[in-house]
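# Notes for the structure review
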Amino acid sequence: MSEQYSTGEIAQPMAEEIDYTELLEPVGYDFGLNRRSFVQILGAGLLLVASAPALAQERGRRRGPRGPQNIAARLHIGKDGIIAVMTGKVEAGQGARAEFTQAAAEELRVPAAQIQMLMADTAVVPDDGITAGSGSTPRTVPAIREVAAAARELLIDFAARQFGVPRSEITVKDGKAIHAGSEKTIGYADFAASEEATKDLQQTISPDVEVTPVAEWKVMGVSLGRPNAREIVTGAHQYPSDLVRPGMLYGKVLRAPAFGAKLISVDVSAAKTMPGVVVIQDSEFVGVAAPTRFRAEAALDAVAKTAKWDRTPQPSSDKLFEYLKEHAEGGMPANPFADELAKAAKTLRQSYHVAYAQHSPLEPRVAVAEWNDEHLSVWTGTQNPFGVRGELTRAFHLPEERVRVVVPDFGAAYGGKHTGEAAVEAARLAQGAGKPVSLRWTREEEFTWAYFRPAAVVEIEASLDAHGKMTSWHFININSGNAALNTPYNIGSNRAQYVPSQPPLRHGSYRALAATANNFARESFMDELAVAAGLDPLEFRLAHLDNPRLRAVLQMAAEKFGWSGRVKKKSANRGVGLACGTEKGSYLAACVEIELEKNQIRLRHVCEVFECGAIVNPDNLRKQVEGAIIMGLGPALREEVRFENGEIQTVSFRTYPVPRYEDLPELDVHLLNRPDLASAGAGETAIMCVAPAIANAVFHATGKRIRQMPIRLDAA
Amino acid sequence: MDATFTFTVNGKSRTVITDPGRPLLDVLREELQLTGAKFGCGEGQCRACTVLMNGKSVASCITSIADADKQTILTIEGLANGERLHPVQQAFLDEGAFQCGYCTAGMIMGTVALLKEVPNPTDADIISRMNRHICRCCSYPKYLQAIHRAADQARKEAV
């Protein structure tokens, strides 16, 4: 491992700027034309931004690759010394609030308690893009650090002028600029109160601004608890589903009984007679709003009873994988390496099936919408505040300046809340009711109408020479995407393709996107090739692996797990398996032990090594990695969306069994810190080795290859 | 047909006039502004809505207000003593035992009930009794640690 630390240069993110193929079909609401004059929104009731003109300038300015390069758009220094740091990223449990606090505190040289993060209010914060793609750490953290470092330098300049000393004699510590010689100090608050501050803070920051080298980190690299943790344990934190606005009603929307069903007729008269109930009808959009959620449910039931629908035949999950293959765009691509296959010692071809999965975040999607004059404010749980603002502007034909989206820290997403359905629906109901409306989806709506993690067919074909070396590799993912599509192994003739299909269900992002499907297929297939080559699965992989970071985690996991001894042990009902992978700049390997109880596969032990460059918040990283592993065992072993003729059948936690306490395996998780490497995101990748390691362990125990997710013995 | 219900919540007597079939969860959240208990599933499968009724852990989303009439309810808001957190809250806070935190209030209430019945729980005790609580962020390992920590702390304070 290299001992060289970066010297204050901002290291480039390991992952390229992600070109997000979202695979998402947006729900296109359009509620008619409404032209009014342009009015600027400033965040009423919120902490004042240092300079309103700076914010207005920022809106007109073209965004740099790391967001605004103007200090005032990102930082506000309060007269009390509290420094507000603004970001368009959200907090949904993944730890952004703590991490950004650390980044700012480190560069400003202030205690973390002096930082107040202002997140995800489109009226006040810069647009840092969607919170997804493991992008906060490699992109937003540097952006915050640069601005904070620039502010620190301004403080030093200010102190130097005030004290009449060279700036080289000033250090900043605990929020104060100190001149050692004279023991004079001056703080950020003093700077903020000065005449120069307003002008200084509107400057564009220098591209040469120096951030703190990793070796000198005091706040970054150390675990910081979530800043609003106390409000979580006391129940004081207001999630979007907790918010109440004056005069607020509770809303519900009429849903079709199945996909593709069209509303023919509905009778809303009974609902209208219920006290306090408002009915909103806009062609096929039918909703109610009532003073209590209980009454809103009753009102909606009264409407739903009368609704007549025109249904068309829809696909069912038992024919899902044939359906996806049949509808593959352009058909199945042929293997371009026919010559390698022809001369190979051995060839192998397999097909892997991965079912739809559901994120099922514990807080369902919810929005509170309120109209004031022609201004719309929506509080909602979404990963994409500015994207949702865009959806609202389009749905209601409003200029951006009249729409404000606020995202309080909310109850999780896992990639499932990129879009603003609840926001648009709540806004439409609020518009019709003339009162604020809180619309919260039911769990059944979540399981039916939220977008899913795409199902996939993955086909792989490879050839081996007489020495067990791979000579060709052809990999096709149908329907689910290109995350972790490419193999990390050395194979001369190598081609991977993602082929879209016609998905029967609405799908989109999910933690690690298609990486779970692609890595499941790839790492299962690698195991099959190892057997064909007569080599141990670890040996086979290492023989084809140059990437030092991936080798490091693989070897460490194998060593910690005792792979070479355990793989030789044969046991009637226990098996071991391994898998490795890399995605979005992080690297991991997992060795697992499973136990078979009758036909049930139980995950008993997971040894995972995870490496994402310089670790910013170790405790948070551990929670994210362990959380991803446990979450991953759901789709690996049990979670599967079943549907028949367009009707989802798994609409409850009863029928869609997510991981619980009793599923907890022994966890031996090692976070491999690489302070010499740029910090990469880590919220997703840790999920991608669970399923293939389990499948490989099942083979080790039973000799059976299960080539589908969820991995079930009755499917062999 | 609305009816009158009187019950004790966090030590205070409260009266509500509402439909007898309305869930206790809705009454707590909408009538009493106690939004700590959360909606996760509406069918008692996730326990984000957990409150204590007469000291026992119940799913308030499937407990009707009629069933709560004349009973004693304790919610997350009633645990702390002014600024002083309940040992379970303090343990969860010290361990940082949550990620998005949406299940946490229910988890804490479930733990309070658990520790009343089993002050010295083993991992197996905790797993079997807390298994009805879902955490989608899968913070289960940290929760286990926090629950042990709370149990240890409570034992120390009792001595």
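Attention here is on the structure that accompanies the text. (Residues numbered from 1 in each chain as written. Chains lettered and ligands numbered in written order. Predicted model: local features only at pLDDT ≥ 70, side-chain atom pairs only at ≥ 80, totals over all residues. Heavy atoms only, no water.)

### Quick notes on the sheet that holds strand β22 (residues 600-611) of chain A
Residue and element names in this part refer to chain A. The strand order across the open sheet formed by four strands is β20-β21-β22-β25, and the pairing between neighbours is mixed. Of all strands in the sheet, those bounded by a partner on one side alone are β20 (574-583) and β25 (666-671). Here the strands of the sheet are splayed against their neighbours by 20 degrees on average, with no regard to which way each runs. Across the sheet, helix α19 (residues 618-637) is in contact with β22 and β25; its angle to β25 comes to roughly 135 degrees. (Pairing = 2+ DSSP bridges. Helix = DSSP H or I, 4+ residues; strand = E, 2+ residues; numbered from the N terminus. Axes fitted to C-alpha atoms, helices over the stretch in contact; angles between N-to-C directions. Contact = heavy atoms within 4.5 Å.)

### A few points about the packing of aromatic side chains
In total, this model carries 14 aromatic pairs over all chains according to the counting rule given. An angle of 75 degrees between the planes, with centres 5.3 Å apart, marks the rings of Trp 371 of chain A and Phe 396 of chain A as edge-to-face. One end of the pair, Trp 371 of chain A, is in strand β13 (residues 366-372); the other, Phe 396 of chain A, is in helix α12 (residues 385-396), with 25 residues separating them in the sequence. Classification of Trp 371 of chain A as buried rests on a relative accessible area of 16%. Relative to Tyr 140 of chain B, the ring of Tyr 661 of chain A has its centre 4.7 Å away and its plane inclined at 55 degrees; by these criteria the two rings are tilted. Of this pair, Tyr 661 of chain A sits in the loop between β24 (647-648) and β25 while Tyr 140 of chain B is found in helix α6 (residues 140-158), placing the two residues in two different chains. (Phe/Tyr/Trp six-rings, centres within 6.5 Å; stacked < 30°, edge-to-face > 60°. Buried < 20%, exposed > 50% of the residue type's maximum accessible area, 1.4 Å probe, protein only.)

### Quick word on the nonpolar core
One finds Trp 473, Leu 529, Ile 594 and Ile 694 of chain A together with Phe 92 of chain B to be the most contacted residues of the largest nonpolar core, which totals 179 residues. Element by element, the count of residues in this core is highest for α19 of chain A, at nine residues. Residue contacts for Ile 594 of chain A: discarding those within four places in its chain leaves Asn 573, Arg 574, Gly 575, Ile 601, Arg 602, Leu 603, Arg 604, Ile 694, Ala 697, Val 698 and Ala 701 of chain A. Leu 108, Val 110, Ala 159 and Val 403 of chain A belong to the second largest nonpolar core, which has 82 residues in total. (Core = buried A, V, L, I, M, F, W, Y, C linked by side-chain atoms within 4.5 Å.)

### Details of the pairing of strand β2 (residues 12-18) of chain B
Residues and elements named next belong to chain B. In the sheet, strand β1 (residues 3-9) pairs with β2 via seven bridges, with the strands oriented antiparallel. Across the sheet, Thr 6 pairs through a bridge with Thr 15, a residue of β2. Following β1, the chain reverses through two residues before pairing antiparallel with β2; Asn 10 in that reversal takes a positive phi of roughly 50 degrees.

### Points about the sheet that holds strand β5 (residues 176-179) of chain A
All names here are of chain A. Pairing is antiparallel across the open sheet formed by three strands, whose spatial order is β4-β5-β6. Edge positions in the sheet fall to β4 (170-173) and β6 (184-187), since each has one partner strand and no second. Between one strand and the next, the sheet's axes are offset by a mean angle of 25 degrees, whatever the strand orientation. Where β4 and β5 come together, four bridges link them in antiparallel fashion. Among the inter-strand pairings, Ile 170 is bridged to a residue of β5, identified as His 179. Where helix α4 (residues 136-163) meets the sheet, its contacts fall on β4, β5 and β6, and the angle it forms with β6 comes to roughly 135 degrees.

### As for the environment of Glu 329 of chain A
All names here are of chain A. By the element assignment, Glu 329 lies in the loop between α10 (320-326) and α11 (338-343). With 209 residues separating them along the chain, Glu 329 and Ala 120 place their C-alpha atoms 38 Å apart. Those residues in contact with Glu 329, other than ones at most four positions away along the chain, are Val 499, Pro 500 and Ser 501.

### Quick word on a negative patch on the surface
A cluster of acidic residues, Asp 318, Glu 322, Glu 326 and Glu 644 of chain A, forms a negative patch on the protein surface. Of the residues examined, Glu 644 of chain A reaches a relative accessible area of 46% and is grouped as partly exposed. (Patch = residues over 30% accessible without salt bridge, like charges linked within 9 Å, V, L, I, M, F, W, Y side chains within 5 Å. Areas by Shrake-Rupley, 256 points an atom, 1.4 Å probe, with all protein chains shown as cover. Salt bridge = Lys/Arg side-chain N within 4 Å of Asp/Glu carboxyl O. Lys, Arg positive; Asp, Glu negative; His and termini not counted. Charge placed at Lys NZ, Arg CZ, Asp CG, Glu CD.)

### Considering the side chain of Glu 523 of chain A
Position of Glu 523 of chain A among the secondary structure elements: in helix α15 (residues 515-533). Those residues within four positions of Glu 523 of chain A in sequence are excluded, and the remaining contacts are Tyr 489, Arg 541, Ala 579, Cys 580, Pro 692 and Asn 696 of chain A.

### A short note on the interface of chain B and chain A
Opposite the 50 residues of chain B that make contact, chain A presents 51 residues. Taking both sides of the interface into account, the surface hidden between chain B and chain A amounts to around 4,400 Å²; carbon and sulfur atoms contribute 58%. It is Gln 99, Tyr 102 and Arg 136 of chain B that lose the most area in chain B upon contact with chain A, and together they represent 19% of the buried surface on that side. Scanning the region where chain B abuts chain A turns up five salt bridges. Ionic pairing is found between Glu 30 of chain B and Arg 293 of chain A, a salt bridge with its closest N-O pair at 3.9 Å. Where chain B touches chain A, the interface holds 27 residue pairs in polar contact (both at pLDDT 80 or more). (Buried area = accessible area lost by both parts, 1.4 Å probe. Polar contact = N/O pair within 3.5 Å; in protein donor to acceptor, adjacent residues only side chain to side chain.)

### A word on the packing of helix α5 (residues 123-130) of chain B against α6 of chain B
Residues and elements named next belong to chain B. At their nearest, the axes of α5 and α6 sit 11 Å apart, and the two run at 115 degrees to each other. With respect to their mutual orientation, α5 and α6 come out roughly perpendicular. Relative to α6, α5 is oriented so that their crossing is right-handed. Seen from α5, the contacting residues are Asp 123, Ile 126, Ile 127 and Met 130; seen from α6, they are Leu 144, Ile 147 and His 148. Residues belonging to the contact of α5 with α6 are distributed by class as follows: five nonpolar, one polar and one charged. (Parallel < 35°, antiparallel > 145°, perpendicular 65-115°, else oblique. Left-handed = near helix turned anticlockwise from the far one by under 90°. Nonpolar A, V, L, I, M, F, W, Y, C, P; charged D, E, K, R; others polar.)

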